Amino acid sequence: MSPAVQSAEEKLAAAEADINRLLARVEENADDDNALVDLKLETEALSREMLELGVSLRPKLTEVKARLEQLGKAPGESDPPEPDSMTAERLKLANERAAINTLTGRAETVSVRASETGDAITDMRRQLFADRLFNRTEIGSELFAEAGKVAEEERRQLSRTYGSWFSFIWAFKWEALMVWAFFSLLATLVFVPGAYRLFGGLIHRDPYEEDPPYTSRLSVAFWSTVIPTVAMTLTAVTTYLLADSLSILRRDVAPVIGSLLGVLVIVYFVGKLARAVLAPKTPAWRLVNISNGGARLLFPMVIALVIVNGFDYVLSQISQTLGSPVVLTVAQGFFSVLIMALILIAMAAVRPMLARSGDAADAGERWPRVILATLLVAGVGLLATALFGYVGLARFAATQIVVTGAILTTMYIGYLSGKAVSEPDAFAHTAVGRWLEARYQLSQISLDQAGLAAGLLINLLVLFVGLPLIFLQWGFQIQDIELWFYRLMTDIRIGGITISLVGIFFGILLFIVGLIVTRWFQHWLDGSVMSRGRLDTGVRNSIKTGVGYLGVAIAGLIGVSAAGFDLSSLALVAGALSLGIGFGLQNIVSNFVSGLILLAERPFKVGDWVSTSTTEGFVKKISVRATEIETFTRQSIIVPNSELINSPVGNWTHRNKLGRVDVPVGVSYDSDPRQVVSILVEIAGGHDLVLKNPEPVVHFSGFGESSLDFVLKCHVADVLTGIGVRTELSLRVFERFKAENIEIPFPQRDLNFKLGENGEALATLVEKTAAPARKPPSRPKRVSRAKADTFDNDADAAGGDR
């Protein structure tokens, strides 16, 4: 048997033993939620290991099958016998295939058992959580009397436990205690003042600013809550880890110290949040429309809520470590819920809303009905739940009101901050935006793009920090969140398809790296190799373009493979496409490929003004089959992409929208050409839309049959305004020439004809037509009888009719 099969056999035997041990441990720890979480992680890891084991055996099974096919079937009775070595080889391969199939089946069985065990653990934890919440205790005088008796004994036990611990530490570990105190103080000085020093611009409220922008108020409220809380959390974690590493904490003391530090962080967090939202001392930075008196009343009430809730949590940890009777835990939980319920009812009685006058210093008004009803329902509901004996449920609900409510409020402020920062021209007015603009000389467009990125990062921060904290408050463990995150990143199942976000991310990352390497190689090949070979420019461009397409194709294949997509599926798609092309899809494929080329090379984009052999207008949409062009008459023309690839296309706005405007002008031969040039240049320079660089020029285009012809040529920043600019310039030229008495000639026609005795026309003597002029033709002049006689005499003198 091959080493791979033997190794799989050993792993499978160990996994079968592990699953049996896991089942026994689940039964032993049915009441321990933390232990059940760890067991759930072990079952998940074991299930994945068995799946990977089955996958690892597939190549060996394929190899064995291929070898058996090469050997062929065993010879029949009438066939000549085969060599003994071949028979032995066939038997060995058949046994190995049977062993692999058996191992695969056993691995699948272990995987299924592990998955079923994990599901059972989930059900046990759900039932355990429900039992703790809905466990009912009879509330009455007997309960409180018994709790009073037990409380005195617990006080003495607490004094003995922590007194002996502190005496031992002071007597035998005072050096470690001093080291712990020094480095804890150092961590406090580093994290908390350091945060204010590094991020002071984000959390500073200017007390002299009377009306700060709402964007600034949101941003300051969010960061003044998050940054100091993170600094305080790092301080608490460092303090706890130092004490644990120096062996200062005993097993019965460590949970209480940890819970005390956690409560301090939560109180600090809620205090910062309440100060950010209510701003009792800086009304200009307040986020809600409440009066100054309402803010000063609500702030201590919120702090009192979180202190009572935290104190109850610490007492519960002490009771758990000391093994106190349940009656004491129920009694202290009841009183904590009672106090928090009364605080909520008192908050409902406050009149904090901003007065109708709009002055925050005036006396406030009552809450809106929705908020008032919510506070009353929360307070009365907690009180009623505790009185009915469901103290655990009431404590859980009170914790969610305080802590989860604070987290959701912070998340909402963060969302509003990200949304406000993403608004146009908003990021430039923030402290970070002003710093970036001054430091890197960013344009307004770059600042807006940075604002979009900053808003997205803030929203991601809100989600990735806020949601796990809420799940932790709802009874989930950190291991649960880690497992969910792992599944989200690596194992999203949609039907029979498994998607790995991590694989897709690395696929995109490899594709981007491939593009960067391809672009670098293109520049290096063109600038360092082909330029020295003095190759023709066209050949160099062709090689450079071909290398670019090849690099993009290779990067795409690598990215697709890294993302976990099966390339054999792409081969099937390519085969189907080739078959379709053979059956008459040439035009569709041609337009499809042409569309891909247009989207990649971008010879024109949406909004460009283009002209083709058949139409002219603005590009409205570019798809992979056709391009939509809207003409100036608002007609949409659908042009196949192959025509745009195979035919010349003019793009008026390809590189930029710069365009030239030509205004032809004709003046009489009596005019001064240099004066005309000067006037035209002056008119063009006085137009607001005409660019100074390139400067307007006037060309003397030639001598016409009845006029001196000039062309005024000037440039505009947007070629789409050319028609309006040409019209305005023509009007100004006409008005200026009229004021300067410069004649603009019009078409003239002289007819010489002979009249009879009764005035009828007998014959045309002379006909001369002038070339078209720049002025619309006037009404034809009538020829008088006297002038006609003159023409007649001239014609006779000239020698008769012509």
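S.K.: I'd love a proper account of a negative patch on the surface, names of residues and values included.
M.R.: A contiguous patch of negative charge on the surface is contributed by Asp206, Glu209, Glu210 and Asp211. Looking at where Glu210 falls in the secondary structure, it is placed in the loop between helix 6 (200–203) and helix 7 (214–245).

S.K.: Give a detailed account of the pattern of salt bridges, specifying residues and quantitative values.
M.R.: Applying the stated criterion across every chain yields a total of 20 salt bridges. Across the pair Asp662 and Arg660 runs a salt bridge whose closest N-O atoms are separated by 2.9 Å. For Arg660, a relative accessible area of 45% gives the class partly exposed.

S.K.: Talk me through the sheet that holds strand 10 (residues 708–716); I want residue IDs and the actual numbers.
M.R.: Judged by pairing direction, the sheet is antiparallel, and its three strands sit side by side in the order 8-10-9 without closing on themselves. Lying at the two open borders of the sheet, with one neighbouring strand each, are strand 8 (659–667) and strand 9 (697–703). For this sheet, the mean angle separating the axes of adjacent strands, direction not counted, is 25°. As paired strands, strand 9 and strand 10 are joined by six bridges and run antiparallel to one another. Counterpart to His699 in the pairing with strand 10 is Val711. Across the face of the sheet, helix 21 (residues 673–685) comes into contact with strand 8, strand 9 and strand 10 while running at roughly 20° to strand 10. Here helix 22 (residues 722–739) sits on the sheet in contact with strand 8 and strand 10, set at roughly 25° to strand 8.

S.K.: Outline a nonpolar patch on the surface, listing residues and values.
M.R.: Together, Leu456, Leu457, Leu460, Leu461, Leu463, Phe464, Val465, Leu467, Leu469, Leu472, Ile478 and Phe485 give the surface a local cluster of nonpolar side chains, amounting to about 1,100 Å² of exposed area. Considering the arrangement of structural elements, one finds Leu456 in helix 14 (residues 444–473).

S.K.: Pulling in residues and values, what's your account of the side chain of Thr404?
M.R.: Looking at where Thr404 falls in the secondary structure, it is placed in helix 12 (residues 391–422). For Thr404, a relative accessible area of 5% translates into the label buried. Excluding anything up to four places from it in sequence, Thr404 contacts Thr399, Ile470, Gln473 and Trp474.

Calculation criteria
- Throughout, residues of each chain are indexed from 1 in the direction in which the sequence is written.
- Per-residue local features of the predicted model are confined to residues with pLDDT of at least 70, and side-chain atom pairs are confined, for both listing and counting, to 80 or more; whole-chain, interface and lining totals are unaffected and use all residues.
- Each side-chain value is worked out from all heavy atoms of the structure, with water and hydrogens disregarded.
- Patches here are clusters of residues that have more than 30% relative accessible area and form no salt bridge, with a 9 Å joining cutoff for like charges and a 5 Å cutoff for nonpolar side chains (Val, Leu, Ile, Met, Phe, Trp, Tyr).
- Where accessible areas are quoted, they stem from the Shrake-Rupley method and a 1.4 Å probe; at the residue level, only the protein chains shown are allowed to cover.
- Salt bridge, as applied in this entry: a Lys or Arg side-chain nitrogen positioned within 4 Å of an Asp or Glu carboxyl oxygen.
- When charges are counted, Lys and Arg are positive and Asp and Glu negative, with His and the chain ends excluded.
- Every charge is mapped to an atom, namely NZ of Lys, CZ of Arg, CG of Asp or CD of Glu.
- Only DSSP runs of H or I with at least four residues qualify as helices, and only runs of E with at least two residues qualify as strands; both kinds are numbered from the N terminus onward.
- Residue exposure (1.4 Å probe, protein chains only): buried if accessible area is under 20% of the type maximum, exposed if over 50%, otherwise partly exposed.
- Any two strands are treated as partners once DSSP identifies two or more bridges connecting them.
- Only the stretch in contact is used when a helix axis is fitted, and all axes are lines through C-alpha atoms; the angle between N-to-C directions ranges over 0 to 180 degrees.
- Every residue pair with non-hydrogen atoms within 4.5 Å of one another is taken to be in contact.

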